[in-house]
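These are the residues of each chain, in order.
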Amino acid sequence: MDYITTMGLEVHTELSTKTKIFCNCSTEFGGEPNTHVCEVCSGMPGTLPVLNRQVVEYAIRVGIATNCEITQYNKFDRKNYFYPDLPKAYQVSQLYLPICRNGHIDIEVNGKKKAIRIHEIHMEEDAGKLIHDPWDDCTLVDYNRCGVPLLEIVSEPDFETGEEVIAYLTKLKAILQYTGVSDCKMEQGSLRADVNLSVRPVTTDELGTRTEMKNINSFKAIARAIEGERKRQIEVIEEGGRVVQETRRWDDNKGASFAMRSKENAQDYRYFPEPDLVPIEISDEWIARVKSEMPELPDAKKARYLADYGLPEYDVDIITGSKYLVEIFEQALAACNEPKEVSNWIMGEVLRLATETSTDVEDISFDFANLGKLILLVKKNVVNRPTAKEVFEKMFRENVEPEQYIKENGLEMVQDDNLVREVVVKVLADNPKSIAEWKEGNEKVTRFLMGQCMKQLKGKADPGTVNAVIAEELAKL
Amino acid sequence: MKITDEMIDYIGILARLQLDESEKESAKNEMEKIINYMDVLNEVDTTGIEAMSHAFPVKNVFREDEVRPSVDRELITLNAPKKKDGCFQVPKTVE
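Since we're looking at a predicted model, the values are computed, not measured.

(A) How the structure looks around the overall build of chain A. The secondary structure content of chain A amounts to 15 helices and 17 strands. Relative to a compact globule of 477 residues, whose C-alpha radius of gyration would be 23 Å, chain A shows 29 Å and is clearly more extended. Across its three principal axes, chain A shows a C-alpha extent of roughly 95 × 55 × 55 Å. A sequence separation of at least 24 residues applies to 69% of the contacts in chain A between residues at least 6 apart.

Structural data, given as structure tokens:
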């Protein structure tokens, strides 16, 4: 029996505001436990929350960028549950009037375009961090993260494959980065996805019972979680069982999901309107201003790169998929106006060195305009390509300025054709055995001779010139 | 509306309250009174009156996104029955 998988996504993204959603505590990641905490975010009695304007601004930005309607009159609600990660015993969220509704994000998988509908986007506060303490067999609570602003972006159940989910998340991540609302560092938990998944036999249109997998925090883990849960549900059905609606936790190390205890997630949150926060009214002018300030978004940028620069679509997808690669591309391009070269360097050396040095693209930190300068130096034959790659490695690791570095280390190409010829003649004279082989028709020998010449020239000659001179001198023999 | 034993038990679980039999009885009575009062409210004719969640017509109260110092950790954790390594210490939570 064949099955159809249906999935919906709830994505939580931490906003890159300086302060928390309802107080002036810093949102900075990684401080000592409970050092970014005040009487408001620790839920002391008698305190009152005041909304951070920037959170609303960011929510509108994401709403517009994902084609949503902005709910011009919206407000907060209380979601009640007892768990030590929330000191107030409720989370301030939006249930009845979320700030954005009815949007969509366009994705493309294997050349097929599809619109994934967005049900809603709402603002809420993040919870604290629970740390298990094995020594005392207890839990330690750090409220630094408690009150950090979140947007929850809820899709419609429009996904049928893991590839579609990854394409959507990639696009969403790019949108969140382009609009500057989140750095989307998955390893720091600033982008987290919950996957709702159900399967049904192809013979029916009625959706199966869904399960929810919580807080999966890497694209690869999401792909594995989807595949694992799909298989599990099909097995349950084929064995004559029934899928139970429940929350499951994906354990990426074990490659399996586990049901969370039902008592722990009794889904009765008794939402009610938050009395401590007044409603938000977003004027037409506010929306118009955010629209007018909207940066170029991933789709538009991709289209422009394809049309204006004639770059391969694959390369454009990779580069425009990350705000940070776009920054490298645009700054280097501004310095040299050689789009194909810049793209090739990014796809080649930049990404290679990033992998080699385990650097995340957002942490690549050399002066990007210098890449443009280096490209011009190659174009003007000041350095050859192999040398340029060495120079670039220095730029990448130590942020050297290419022109100066080349000068200081004497890496300029040998422009003196007489010198090249001198070296070639000497190398040919020193390698009679190779010449004999060449005369017997072994063409490969020229490559060895080429290597010897470049070695003598310390790699600083134009390989084309050297090759041509070798051919000329061999012909004379 | 009648508040049943099951309802009281369920609300007890949600509120993390352990009630003995006499407490359950009195909670049942009190809750029933509250719920029944809603019937009184329901008798009021509210046609044409917009639902409201706040008593005052105030909107858009915002704060600028500027960091101010947090409260000293010693002070924030002062009331904690137990603490360890700068954290609030609580009974083990089960994932």
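(B) Representation of the interface of chain A and chain B within the structure. In this complex, chain A contributes 43 residues to the contact, which on the side of chain B involves 33 residues. Of all the secondary structure elements, the ones that give two or more residues to the side of chain A that touches chain B are strand S2 (51-52), helix H1 (53-65), strand S9 (129-133), strand S10 (138-142) and strand S17 (280-281) of chain A. The dominant element in the side of chain A that touches chain B, judged by the number of residues it contributes, is S10(A), at five residues. Here the side of chain A that touches chain B is composed, by residue class, of 19 nonpolar, eleven polar and 13 charged. As judged from the four bridges shared by S10(A) and strand S3 (residues 87-91) of chain B, these two strands associate in the antiparallel manner. By the bridge assignment for S3(B), A:Thr139 is matched with B:Val90.

(C) Fine view of the pairing of S10(A). Residues and elements named next belong to chain A. Sheet topology places S9 next to S10; five bridges connect them, and they run antiparallel. When the sheet's bridge partners are listed, His-132 is paired in S10 with Thr-139. What sits between S9 and S10 in their antiparallel hairpin is a turn of four residues, with Asp-137 showing a positive phi close to 45°.

(D) Molecular detail of the nonpolar core. Residue and element names in this part refer to chain A. The biggest cluster of nonpolar side chains holds 75 residues, and the ones touching the most others in it are Cys-41, Ala-59, Ile-121, Tyr-168 and Val-195. Broken down by element, this core gets its largest block of residues, nine residues, from helix H2 (residues 162-178). Residues Leu-311, Val-383, Leu-411 and Leu-449 belong to the second largest nonpolar core, which totals 41 residues.

(E) Looking closely at the pairing of strand S5 (residues 77-80) of chain A. Residues and elements named next belong to chain A. Sheet topology places S5 next to strand S6 (residues 90-93); four bridges connect them, and they run antiparallel. Bridging from a neighbouring strand, Asn-80 pairs with Tyr-90 of S6. Direction of pairing for S5 relative to strand S16 (residues 272-273): antiparallel, over a ladder of two bridges. Directly across from Arg-78, in S16, lies its bridge partner Phe-272.

(F) Region of interest: the sheet that holds S10(A). The strand order across the open sheet built from four strands is S9(A)-S10(A)-S3(B)-S2(B), with neighbouring strands paired in antiparallel fashion. Across the chains shown, the open sheet's two edge strands, defined by having one partner strand only, are S9 of chain A together with strand S2 (83-84) of chain B. Pairing of S2(B) with S3(B) involves two bridges; the strand directions are antiparallel. Pairing of B:Lys84 across the sheet is with B:Cys87, part of S3(B).

(G) Spotlight on helix H6 (residues 313-320) of chain A. Residues and elements named next belong to chain A. Within H6, burial applies to Val-316, Ile-319 and Thr-320. Seen from one end, H6 has its buried residues packed into an arc of 85°, which puts them on one side. Residues of H6 that are buried make contact with H2, helix H5 (298-309), helix H7 (323-336) and helix H8 (339-356).

(H) Representation of the domain arrangement of chain A within the structure. Structurally, chain A comprises domain 1 (3-286), domain 2 (296-408) and domain 3 (417-476). On a C-alpha basis, the centres of domain 1 of chain A and domain 3 of chain A stand 64 Å from each other.

(I) Examining the sheet that holds S6(A) more closely. Across the sheet, three strands lie side by side as S6-S5-S16 (chain A); this open sheet has antiparallel pairing. If you trace the sheet from one side to the other, it starts and ends with S6 and S16 of chain A, each paired once.

(J) Representation of unusual backbone geometry. All names here are of chain A. A positive phi angle is found at Ala-89, which is not glycine, with a value near 65°. Inspection of the secondary structure assignment puts Ala-89 in the loop between S5 and S6. At Asn-337, a residue that is not glycine, the phi angle is positive and equals roughly 55°. Along the chain, Asn-337 turns up in the loop between H7 and H8.

(K) Structural context of the packing of helix H13 (residues 432-439) of chain A against helix H14 (residues 445-456) of chain A. Residue and element names in this part refer to chain A. Where H13 meets H14, the axes come as close as 9 Å, and the angle between the chain directions of the two elements is 150°. Judged on the interaxial angle alone, H14 and H13 are roughly antiparallel. Handedness of the H13/H14 crossing: left-handed. Here H13 contributes Ser-434, Glu-437 and Trp-438 to the contact with H14, which in turn contributes Val-445, Thr-446, Phe-448 and Leu-449. Residues belonging to the contact of H13 with H14 are distributed by class as follows: four nonpolar, two polar and one charged.

(L) Broad picture of the environment of A:Glu422. Inspection of the secondary structure assignment puts A:Glu422 in helix H12 (residues 417-430). Distance from A:Glu422 to A:Val469, taken between C-alpha atoms, is 9.9 Å for residues 47 residues apart in sequence.

(M) Inspection of the packing of H2(A) against helix H3 (residues 219-238) of chain A at higher detail. Residues and elements named next belong to chain A. Contact pair H2 / H3: the axes reach a minimum separation of 9 Å and the direction vectors enclose 155°. Classified by the interaxial angle, the pair formed by H2 and H3 is roughly antiparallel. Where H2 crosses over H3, the handedness of that crossing is right-handed. Facing Gly-162, Val-165, Ile-166 and Leu-169 of H2, the residues of H3 in contact are Phe-219, Ile-222, Ala-223, Ile-226 and Glu-227.

Cut-off values and rules
Residues numbered from 1 in each chain as written. Chains lettered and ligands numbered in written order. Predicted model: local features only at pLDDT ≥ 70, side-chain atom pairs only at ≥ 80, totals over all residues. Helix = DSSP H or I, 4+ residues; strand = E, 2+ residues; numbered from the N terminus. Rg over C-alpha atoms; globule rule 2.2 N^0.38 Å. Contact = placed C-beta atoms within 7 Å. Nonpolar A, V, L, I, M, F, W, Y, C, P; charged D, E, K, R; others polar. Pairing = 2+ DSSP bridges. Core = buried A, V, L, I, M, F, W, Y, C linked by C-beta atoms within 7 Å. Buried ≥ 20, exposed ≤ 12 C-beta atoms within 10 Å, placed from the backbone. Arc of directions from axis to C-beta. Domains from an automatic or database assignment. Axes fitted to C-alpha atoms, helices over the stretch in contact; angles between N-to-C directions. Parallel < 35°, antiparallel > 145°, perpendicular 65-115°, else oblique. Left-handed = near helix turned anticlockwise from the far one by under 90°.

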